[in-house]
Amino acid sequence: MSEVCKMHFLERHNKLITVFLCLICIAILFFSNTELWDTCAVEIAVLRKDFHVIEHYLAHGWYLPYWTYIFLNKIFILTGIPYKVFINALMALSVLGIAKEVFWFCRNRLNIEREYAYIAFWAAIAFPVWHVLISTAVFINIVCMWLFMLAVRYWYGNRYIAVCFFLLAMQLFSLFPLAIGFVACEFFLTVNRENWIRKSVGSVGFSILIFIGYIVFTNLVNVNGANGDYNNITLENVLKYVPELVVYCLAIIGIGYAMSFRVADSGERQKLIRIVIGISALLFFAILPYNAVGRPMRYFAFGSFTARHTMLTAIPLAMLLAVVVRYIGQNFSRKIATFVAIFILTAQVVILHQGYSHKAAALVFKDMLTDAFKETEAPLSGYVAIEAVGFEGPRHVNNNAINLCLAKAYGKSAWMANGYWRRKRSIEPEWMKKLYGTTMGFPFCVDVTGEAYTKYTFTLTDFHQEGRVWYWYYYLTHQYQSFRPELKKVRELERWDMESE
């Protein structure tokens, strides 16, 4: 077989792997047709045709998500196509777009051979936290990441286009530090004895310009919420997390330096060290903005959405895997390199699907509960407590998710329910009153007219809160008989503070 034929065969082989990974890692985003977590409020807004429910988005500076939901709801009214279909497609396209831009950066800036750049491409597709995208609450994060990576690419071609992409991407505020990370990466990749003064001045000056842009932006846009207590950078958080982050990044650099001794060619040795330092800078600035506001990196948070804080690290970690596999392939054995790549990518897919299974369990649980309420007479308006019997409720199903179930069952938002995201909390009347306070659930529960308290038991058999991969079949076919769901009213008070029924 000629060399050209081998190249064509290898490229086709790589593309088939890409398609396969897209099918098992990204296509699943299209399975969900309802919301989880915070954006249950969006679905309530769509049901009620009243977007005052999510006006708090504006108080957090989330302008682009707010207007996107309103625009897509207009499309829904005209076409009958739910807004989530469009956002699911946009998120899937964004994941693929990020992976493509990571591939481009590996090829054109890190000068990594095509066969190894594909490793970064696949690692980005199979990054094990994409399960958080089952909720559209983080759709703007992934879209802005893609826009940002497009800005990085166009910075080396058409800087006017790059600036446009960058400005659009700034809806995700943590991208300001990552931009400085790319400046640092470029510096370490290209600096030498002849240009170090010019490069240093240019890099520092550009970083200062980005920092000034951040200051201006945060003075024009409220990024700290209505009460000013959201995502605040504190010295306590910096001292708690950043020293540890510095140690991790220095450790990566140290390992990279030790690895370089195995490389015989001096040019390749220097290239390896430069790349490792550059990627370490990217990793540092991908994590820094979250650590600074007290958000640790939780890659294995399957039962919640806190893994969203790790999303930016998909970019440097995918590049790092490609570098490691390339190093093994060139200095030890291509077979060992292939084994390492397959092992890590397989592990990523398994971890990713563990998260997907948790989300499938939550979707199944909500569907079953909605169906059970539809078959039951509506309770008196007020507080609704649901006790899980025979199973543990999915932890990331919050109280607004249950309010959504009631709204879908009865066509109005007249109840204030308990969620399952707090462990070991009472669902008795006093606690329910404390949970909702004087707001009475407004604006989510806008139709509340009373303070009745109704308690139900919801019984399921062989249901697991961590889910199973086949739960997706149950969800897509709406077949839940195997769980034997049963909703039973066990207590009813006309007012929450009454002592007897």
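Residues numbered from 1 in each chain as written. Predicted model: local features only at pLDDT ≥ 70, side-chain atom pairs only at ≥ 80, totals over all residues. Heavy atoms only, no water.

A. The overall build of the protein, seen in detail. Scanning the protein from terminus to terminus reveals 17 helices and four strands. Its C-alpha radius of gyration of 25 Å places the protein within 12% of the 23 Å reference for a compact globule of 501 residues. Along the first, second and third principal axes, the C-alpha atoms of the protein reach 85 × 55 × 45 Å. Relative to its 501 residues, the protein shows a buried fraction of 53%. Looking at the protein alone, contacts between residues at least 24 apart form 78% of all its contacts between residues at least 6 apart. Taken as a whole, the protein presents about 23800 Å² of accessible surface, with 63% of it coming from carbon and sulfur. Charge-centre separation for the protein: the mean point of 46 positive side chains lies 11 Å from the mean point of 35 negative side chains. (Helix = DSSP H or I, 4+ residues; strand = E, 2+ residues; numbered from the N terminus. Rg over C-alpha atoms; globule rule 2.2 N^0.38 Å. Buried < 20%, exposed > 50% of the residue type's maximum accessible area, 1.4 Å probe, protein only. Contact = heavy atoms within 4.5 Å. Areas by Shrake-Rupley, 256 points an atom, 1.4 Å probe, with all protein chains shown as cover. Lys, Arg positive; Asp, Glu negative; His and termini not counted. Charge placed at Lys NZ, Arg CZ, Asp CG, Glu CD.)

B. Up close: the pattern of salt bridges. Counting across every chain of the model gives 14 salt bridges. As a salt-bridge pair, Arg-114 and Glu-11 come within 2.9 Å of each other at their nearest N and O atoms. Residue Arg-114 is found in helix H6 (residues 114–125), and its partner Glu-11 is found in helix H1 (residues 3–25); the two are separated by 103 residues along the sequence. Classification of Arg-114 by relative accessible area gives partly exposed; the value is 38%. (Salt bridge = Lys/Arg side-chain N within 4 Å of Asp/Glu carboxyl O.)

C. Highlighting the nonpolar core. Grouped together as the largest cluster of nonpolar side chains are 167 residues, with contacts concentrated most on Trp-130 and Phe-148. With 17 residues, helix H14 (residues 334–374) is the largest single contributor of residues to this core. (Core = buried A, V, L, I, M, F, W, Y, C linked by side-chain atoms within 4.5 Å.)

D. Molecular detail of the sheet that holds strand S3 (residues 452–459). Taken together, four strands build an open sheet; the order of strands is S2-S1-S3-S4 and the sheet is mixed. Two strands in the sheet have a free side with no partner beyond their single neighbour: strand S2 (415–417) and strand S4 (486–493). Mean inter-strand twist for the sheet, computed between neighbouring axes without regard to direction, equals 25 degrees. Where strand S1 (residues 382–389) meets S3, eight bridges bridge the pair, whose relative direction is parallel. (Pairing = 2+ DSSP bridges. Axes fitted to C-alpha atoms, helices over the stretch in contact; angles between N-to-C directions.)

E. Expanded view of the packing of aromatic side chains. One pass over the structure, following the stated rule, counts 46 aromatic pairs. Look at Phe-176 and Tyr-214: their rings are 5.4 Å apart centre to centre, the planes differ by 70 degrees, and that puts the pair in the edge-to-face class. Taken as a pair, Phe-176 in helix H9 (residues 175–190) and Tyr-214 in helix H10 (residues 196–220) lie far apart in primary sequence, 38 residues in all. Among the aromatic residues, ring-to-ring pairing joins Phe-365, Phe-391, Tyr-420, Phe-458, Phe-463, Tyr-471, Tyr-473, Tyr-474 and Phe-483 into one connected group. The ring of Phe-305 has Lys-359 sitting right over it, with the charged end atom 4.8 Å from the ring centre. (Phe/Tyr/Trp six-rings, centres within 6.5 Å; stacked < 30°, edge-to-face > 60°. Lys NZ or Arg CZ within 6 Å of the ring centre and 35° of its normal.)

F. A look at the packing of H14 against helix H15 (residues 399–410). One can describe the packing of H14 onto H15 by two numbers: an axis separation of 8 Å at closest approach and a directional angle of 40 degrees. Classified by the angle their axes make, H14 and H15 are oblique. Crossing of H14 against H15: the hand is right-handed. Contacts between H14 and H15 involve Phe-365, Lys-366, Leu-369, Thr-370, Phe-373 and Lys-374 on the former and, on the latter, Ala-401, Ile-402, Leu-404, Cys-405, Leu-406, Lys-408, Ala-409 and Tyr-410. For the contact of H14 with H15, the residue count by class is ten nonpolar, one polar and three charged. (Parallel < 35°, antiparallel > 145°, perpendicular 65-115°, else oblique. Left-handed = near helix turned anticlockwise from the far one by under 90°. Nonpolar A, V, L, I, M, F, W, Y, C, P; charged D, E, K, R; others polar.)

G. Up close: the pairing of S3. The buried count for S3 comes to seven of eight residues, which makes it a mostly enclosed element. Inspection of the sheet shows S3 paired to S4 by seven bridges, in the antiparallel sense. Counterpart to Thr-459 in the pairing with S4 is Glu-486.

H. Representation of H9 within the structure. With 16 residues, H9 extends 23 Å between its outermost C-alpha atoms, agreeing within 8% with the 22 Å of an ideal straight helix rising 1.5 Å per residue. Taken across its 16 residues, H9 has 14 buried, putting it largely inside the fold. (Expected span 1.5 Å × (residues − 1).)

I. Summary view of the side chain of Ser-94. Relative to the helices and strands, Ser-94 is located in helix H5 (residues 83–108). In this structure Ser-94 touches Ile-142, Val-143 and Trp-146, once residues within four positions along its chain are discounted.

J. Seen up close, unusual backbone geometry. The omega angle of the peptide bond from Phe-442 to Pro-443 is 5 degrees, so this bond is cis rather than trans. The backbone phi angle of Asp-462 is positive, close to 60 degrees, even though this residue is not glycine. Inspection of the secondary structure assignment puts Asp-462 in the loop between S3 and helix H17 (471–477). On the basis of relative accessible area, Asp-462 is assigned to the exposed category, the value being 58%. We note that His-478 has phi near 60 degrees; this positive angle belongs to a residue other than glycine. Within the secondary structure, His-478 sits in the loop between H17 and S4. Residue class for His-478 comes out partly exposed when judged on its relative accessible area of 39%.

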